[in-house]
Amino acid sequence: MSAMLFSFLLAITILTLTPGFDTALVLRTAIAQGWQRACATALGVTLGCLIWGVAAGLGLGALLLASEIAYNLLKWMGAAWLLWLGIRLLLKPRQQPLIVDEQPARSQGYLACFSRGLMGNLLNPKVGVFYVTFLPQFIPAGASVALWCTLMALAHMLLGLIWNAVLIGGSHYFASHLQKPRVLRVMDRLTGCVFIGFAAKLALSRR
């Protein structure tokens, strides 16, 4: 159990630190509209992760209880998807800057910033697909799928809030460094290795 939890925390930490759409959204808001509205955006983003985790847990619980065939199909589809993502990140890491220079935007209300973070996450189906394929391998045999998915999504949410606080506090520093293609290449290749490793783990796992 402890080894499984350590593996999950290690993997989710690497994935949280990897720059992506959410990172760009929070940094842009911090630079253009200040730290308070960036905090509202980050809260919306992380709440979206929690909602996806709960939804994935409820759907997975019903599916895995339904049939052995459905479980094996999901397992192999998830392993193939993670492997494909990993190989693509290793072979074709991003070259373009994550943060695009912009003119300062007109300040939006806190609710608007929160909604932008939340909907940007909820309307990204890749987050749901990732949860459905990634979380099952860390659920102990016989445990409640919905409960464990929710707990893991909460852990992801907490880690995301901590990382976003660091990003907002050093927004100008991180924005300048995430402009460097070399940083993106290293992070993408590291994430690719993580995806490939967990694809193998998922493919070899048993119900």
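Every chain is numbered independently, its residues counted from 1 as its sequence is written. Residue-level local features of this predicted model are given only where pLDDT is at least 70; pairs of side-chain atoms are given and counted only at 80 or more, and the full residue set underlies all totals for whole chains, interfaces and linings. Neither water nor hydrogens contribute to the side-chain values; these are computed over all heavy atoms in the structure.

If you check an unreviewed UniProt entry, the protein appears there as LysE family translocator from Pantoea eucalypti. UniProt positions are given in the numbering used here, feature names are shortened, and annotations may be inferred rather than shown by experiment. Per UniProt, the protein carries the Subcellular location (unreviewed entry) text "Cell membrane".

Helix numbers and strand numbers start at the N terminus; a helix is a DSSP run of H or I with at least 4 residues, a strand a run of E with at least 2. Scanning the protein from N- to C-terminus turns up nine helices and zero strands. Reading the protein from its N end, one meets helices and strands in the order α-α-α-α-α-α-α-α-α. Buried means the residue's accessible area, taken with a 1.4 Å probe over protein chains only, is under 20% of the maximum for its type, while exposed means over 50%, and partly exposed covers the values in between. Expressed as a percentage of the 207 residues in the protein, the buried residues total 44%. Taking all contacts inside the protein whose residues are at least 6 apart in sequence as the whole, residues at least 24 apart take part in 87%. Counting every atom, the protein has about 11000 Å² of accessible surface; 72% of that belongs to carbon and sulfur. Pairs of residues are marked as contacts when any of their non-hydrogen atoms sit within 4.5 Å. Every accessible area reported is derived by Shrake-Rupley at a probe size of 1.4 Å, with residue values counting cover from the shown protein chains alone.

Multiply 1.5 Å by the residue count of a helix minus one, and that product is the helix's expected span. Helix length check: helix α1 (residues 2-17), at 16 residues, gives a terminal C-alpha distance of 22 Å against a target of 22 Å (1.5 Å per residue), a fit within 8%. Phe8, Ala11, Ile12, Ile14, Leu15 and Thr16 are the residues of α1 that are buried.

Mapped onto this numbering, the UniProt entry gives "transmembrane region" (unreviewed entry) at residues 44-66, 73-91, 128-148, 155-174 and 186-204. Helix makes up 52% of residues 128-148 and strand 0%, with an end-to-end C-alpha separation of 16 Å. For residues 155-174, helix accounts for 95% and strand for 0%, while the C-alpha atoms at its two ends are 24 Å apart.

Let us now look at the packing of helix α2 (residues 21-33) against helix α5 (residues 110-122). The interhelical angle for the contact between α2 and α5, taken along N-to-C directions, is 165 degrees, at an axis separation of 10 Å. Taken as axis vectors, α2 and α5 run roughly antiparallel relative to one another. Crossing hand, α2 versus α5: right-handed. For the pair α2 and α5, the contacting residues are Phe21, Asp22, Leu25, Thr29 and Gln33 in the first and Cys113, Arg116, Gly117, Gly120 and Asn121 in the second. Grouping the amino acids of the contact of α2 with α5 by side-chain chemistry returns three nonpolar, five polar and two charged. Axis lines are fitted to C-alpha atoms, over the contacting stretch for helices. Their N-to-C directions set the angle, which ranges from 0 to 180 degrees. Oblique is the label for any angle not covered by the other classes, which are roughly parallel (under 35 degrees), roughly antiparallel (over 145) and roughly perpendicular (65 to 115). Each crossing gets its hand from how the near helix is turned against the far one by less than a right angle, where anticlockwise is left-handed and clockwise is right-handed. Here the term charged refers only to Asp, Glu, Lys and Arg, the term nonpolar to Ala, Val, Leu, Ile, Met, Phe, Trp, Tyr, Cys and Pro, and the term polar to all other amino acids, Gly among them.

Attention now goes to the layout of surface pockets. The calculated volume of the largest pocket comes to roughly 1100 Å³. If you go around the largest pocket, you meet 34 residues; those closest to its centre are Leu15, Thr18, Pro19, Gly20 and Phe21. If you list the elements that add at least two residues to the lining of the largest pocket, you get α1, α2, α3 (35-66), α4 (68-91), α6 (125-134), α7 (145-169) and α9 (181-204). Of the residues belonging to the lining of the largest pocket, the class tally is 17 nonpolar, 11 polar and six charged. With a 1 Å grid laid over protein atoms only, a set of points is called a cavity when a 1.4 Å probe fits there but cannot get out and a pocket when it is open yet has protein on both sides within 12 Å along at least five of seven lines; lining residues have an atom within 4 Å of a point. Grid points are joined across faces, edges and corners, and a volume is the space filled by probe spheres set on the points.

On to the packing of aromatic side chains, then. Aromatic rings from Phe, Tyr and Trp, taking only the six-membered ring of Trp, are treated as a pair when their centres fall within 6.5 Å; an angle between ring planes under 30 degrees marks them as stacked, one over 60 as edge-to-face, and anything in between as tilted. Enumeration according to the criterion identifies one aromatic pair in this entry. Residues phenylalanine 8 and phenylalanine 138 carry aromatic rings whose centres are separated by 5.4 Å and whose planes lie at 65 degrees to one another, so their mutual orientation is edge-to-face. With phenylalanine 8 in helix α1 and phenylalanine 138 in the loop between α6 and α7, this residue pair connects regions lying 130 residues apart in the sequence. As far as burial versus exposure is concerned, phenylalanine 8 and phenylalanine 138 are alike and both buried.

Next up on the list: α7. If you check α7, its first and last C-alpha atoms are 36 Å apart, about what 25 residues at 1.5 Å a residue would give, namely 36 Å. Between a side-chain oxygen at the N-terminus of α7 and the backbone nitrogen of leucine 147 the separation is 3.2 Å; the capping residue is serine 144. Counted as a polar contact is a pair of N or O atoms within 3.5 Å, where, for protein atoms, one must be capable of donating a hydrogen and the other of accepting one, and residues adjacent in sequence contribute only when both atoms are in side chains.

The next point concerns the nonpolar core. Residues belong to a common nonpolar core when they are buried Ala, Val, Leu, Ile, Met, Phe, Trp, Tyr or Cys residues joined through side-chain atoms within 4.5 Å. The biggest cluster of nonpolar side chains holds 27 residues, and the ones touching the most others in it are Phe8, Phe130, Tyr131, Phe134, Leu135, Met152 and Phe195. Elements with a contribution of two residues or more to this core: α1, α3, α4, α6, α7 and α9. Per-element tally for this core: the top contributor is α7, with six residues. With five residues, the next largest nonpolar core counts Ala30, Ala38, Ala42 and Ile168 among its residues.

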